[in-house]
Amino acid sequence: MTGSPNGSMQTFLSEFQKDLAQGLLSPRVWNDPDLHQAELERIFTRCWVFVGHVSEIPTPGDYVLRYIGEDQFIMVRDEQGEIQLLFNSCMHRGSPVCRAEKGNASHFRCPYHGWIYKNSGDWNGAPQRARAYRKLDAAAWGLRKAPHVDTYQGLIFACLDPEAVSLREYLGDACWYLDVLFGLSEQGTSVAGDPHRWIVPSNWKSGADNFVGDAYHVQSLHQSLLEIDVLKGLGQDNSGGSFHIAVEGGHGFIGGRRSLPEPWGIMDYPPEVFSTFDLDRLDPSQRKFLEDGYGMFGFTIFPNLSFFQSLPNSDPNEPPRVFTLLRQWQPKGPEKFELWNWSVQWNSAPDEYNQAAYTAGVGAFGPSGIFEQDDTVAWAGGPPTGRSVFARQTMKLNYQMGMDGMGDYAIRTDWMGPGEVSTSPYGDMNQRRWWQRWSDQLMS
Ligand code: FES
Ligand code: FE
């Protein structure tokens, strides 16, 4: 692990935190190569990072290629059933040992000189071993691997820092909300196939920043969807009754009121789905959240995992369907990221419903999703502003919405769950807290 940030970085970050306290943000964050390198060293090698869903690798030998920061790993279920995250780089000359995106293998054989590794990562042999490597200490030459891999509600996270806190501690109070979203049925959830992926000409933090709390953009950026009735049911201020939930650690949720009449039930699920849920799996306060008509539209778990659950009506010509997406913002240099998008479904729900929800989700978000096209075009504005000398000399971006005296944004005192919860969506609390965590992490 590298030492503390150098002097000029430290100065920038101290300045950044003073600005943030006033709701101001330097545009430098959207493109800076030094900050990007610092993120790789201080965020992606230290935080718990989402790498996939348990349903992607159900049986021993199943594997998929995944990323932490810009490093490629093999996420594999080994012969003992344990999930391993193996760095996809041969210990001999550094060639990737696995070239396929997914598959099933008991071993990985490097194509260059033929070294072989078990799917646990252990070194397992080399051509001509007796003549070439008789004295090689096999135990020392296994693939490098993430020291920590753990799951929560079917979501797999990995951490490259041997000293890290547990995943449960890292997620903290976010667990209360993840239980509500993913813990309603003993049969759990699965993802529908492989994630869609595509390149966006923007910085990865744009996605995290948007999904952690930006309900404010819907009425303007997605206005064309309001005009064609795709966002029907959002209410008078086009916010869907949304609000913010901020928990420790920079994780944030966009809560909302569910609005469909009976027979639709909790989180706007139809009877054939919500009848498969077992609310006794939740504690009384979590049940109250659902029974009072609350749900969640979005979240970001720091650093780069986000979530979206459908707005009240995603297609005016179809009955409403709740679609659920996991979204990840994978950095590819400071001015580009790869967007990964998984559709999540309940294993207990009828196939027909899951298929319809999948189709609705792909229509909204994905390479040709009608929401996605709006969002990614707007986010592409970040890097050109960040690299502008003029912008760096004259601009600070505004993150003041909802600060003291700025509007009618307030913190609720009567909330049944953990975290700080706002009375309206017209604030940047969640975003400011995400950026506070980002800067704390870079300074640590
Ligand atoms: Fe893998 Fe030589 S680089 S065996
Ligand atoms: Fe959007």
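Residues numbered from 1 in each chain as written. Chains lettered and ligands numbered in written order. Predicted model: local features only at pLDDT ≥ 70, side-chain atom pairs only at ≥ 80, totals over all residues. Heavy atoms only, no water.

**Q** It is not clear to me how the nonpolar core should be interpreted in this structure. Could you clarify?
**A** Generally speaking, a soluble globular protein has its nonpolar side chains buried in company with each other. Tyr177, Phe289, Phe299, Leu326, Trp435 and Trp438 are the most contacted members of the largest nonpolar core, which totals 107 residues. Leave out the neighbours within four places in its chain, and Phe289 touches Trp176, Tyr177, Val180, Tyr294, Gly295, Met296, Trp415 and Met416. Judged by nonpolar contacts, the second largest core, of 17 residues, contains Tyr63, Val76, Tyr117 and Leu136. (Core = buried A, V, L, I, M, F, W, Y, C linked by side-chain atoms within 4.5 Å. Buried < 20%, exposed > 50% of the residue type's maximum accessible area, 1.4 Å probe, protein only. Contact = heavy atoms within 4.5 Å.)

**Q** I tried to follow the sheet that holds strand S3 (residues 62–68) on my own but got confused; where do I start?
**A** Strand-to-strand pairing in sheets goes through backbone hydrogen bonds, with the strands running parallel or antiparallel. Taken together, the 4 strands give an open sheet; going across it, the order is S5-S4-S3-S6, and neighbouring strands pair in antiparallel fashion. Edge positions in the sheet fall to strand S5 (83–87) and strand S6 (102–104), since each of these pairs with one other strand and no more. Direction aside, the axes of adjacent strands within the sheet are offset by 30° on average. Here S3 pairs with S6 via 3 bridges, running antiparallel. Among the inter-strand pairings, Val64 is bridged to a residue of S6, identified as Lys102. (Pairing = 2+ DSSP bridges. Helix = DSSP H or I, 4+ residues; strand = E, 2+ residues; numbered from the N terminus. Axes fitted to C-alpha atoms, helices over the stretch in contact; angles between N-to-C directions.)

**Q** When you look at the coordination of the iron ion (ligand 2) in this model, what are you seeing that I'm missing?
**A** Six octahedral donors at a metal ideally form angles of 90 or 180 degrees, and four tetrahedral donors ideally form angles of 109.5 degrees. Listed as protein donors to the iron ion (ligand 2) are His217 (NE2), His222 (NE2), Asp375 (OD) and Asp375 (OD); their distances from the metal cover 2.1 to 2.6 Å. Its 4 donor atoms give the iron ion (ligand 2) angles of 54 to 145° at the centre, a pattern that matches the irregular case. When the donor residues of the iron ion (ligand 2) are listed from N- to C-terminus, their spacing reads H-x4-H-x152-D. Taken together, the residues His217 in the loop between helix H6 (205–213) and helix H7 (218–221) and Asp375 in helix H12 (residues 370–379) connect sequence positions 158 residues apart. Each member of the pair, His217 as well as Asp375, carries the same accessibility label: buried. (Donors = N, O, S within 2.8 Å, 3.2 Å for Na, K, Ca; no water. Tetrahedral: all angles 85-135°; square planar, octahedral: opposite > 155°, others 65-115°.)

**Q** Explain the state of the cysteines here, please?
**A** By definition, a disulfide links two cysteine residues through a covalent bond between their sulfur atoms. Scanning the entire structure with this criterion turns up 0 disulfides. Left unpaired, Cys98 is separated from the closest cysteine sulfur, that of Cys110, by 11 Å. For Cys159, which is in no disulfide, the shortest distance to another cysteine sulfur is to Cys47 and amounts to 7.3 Å. A relative accessible area of 0% means that Cys159 is categorised as buried. (Disulfide = S-S within 2.5 Å.)

**Q** Would you mind showing me how to read the packing of helix H5 (residues 174–182) against helix H10 (residues 284–291) here?
**A** Any two packed helices are characterised by the angle at which their axes cross and by the distance between the axes. Put simply, H5 and H10 touch, their axes get as near as 10 Å, and they point 55° apart. When the axis of H5 is compared with that of H10, the two are oblique. By crossing handedness, the relation of H5 to H10 is classed as right-handed. Note on element contacts: H10 touches H5 through Ser285, Gln286, Phe289 and Leu290, opposite Trp176, Tyr177, Asp179 and Val180. Of the residues belonging to the contact of H5 with H10, the class tally is 5 nonpolar, 2 polar and 1 charged. (Parallel < 35°, antiparallel > 145°, perpendicular 65-115°, else oblique. Left-handed = near helix turned anticlockwise from the far one by under 90°. Nonpolar A, V, L, I, M, F, W, Y, C, P; charged D, E, K, R; others polar.)

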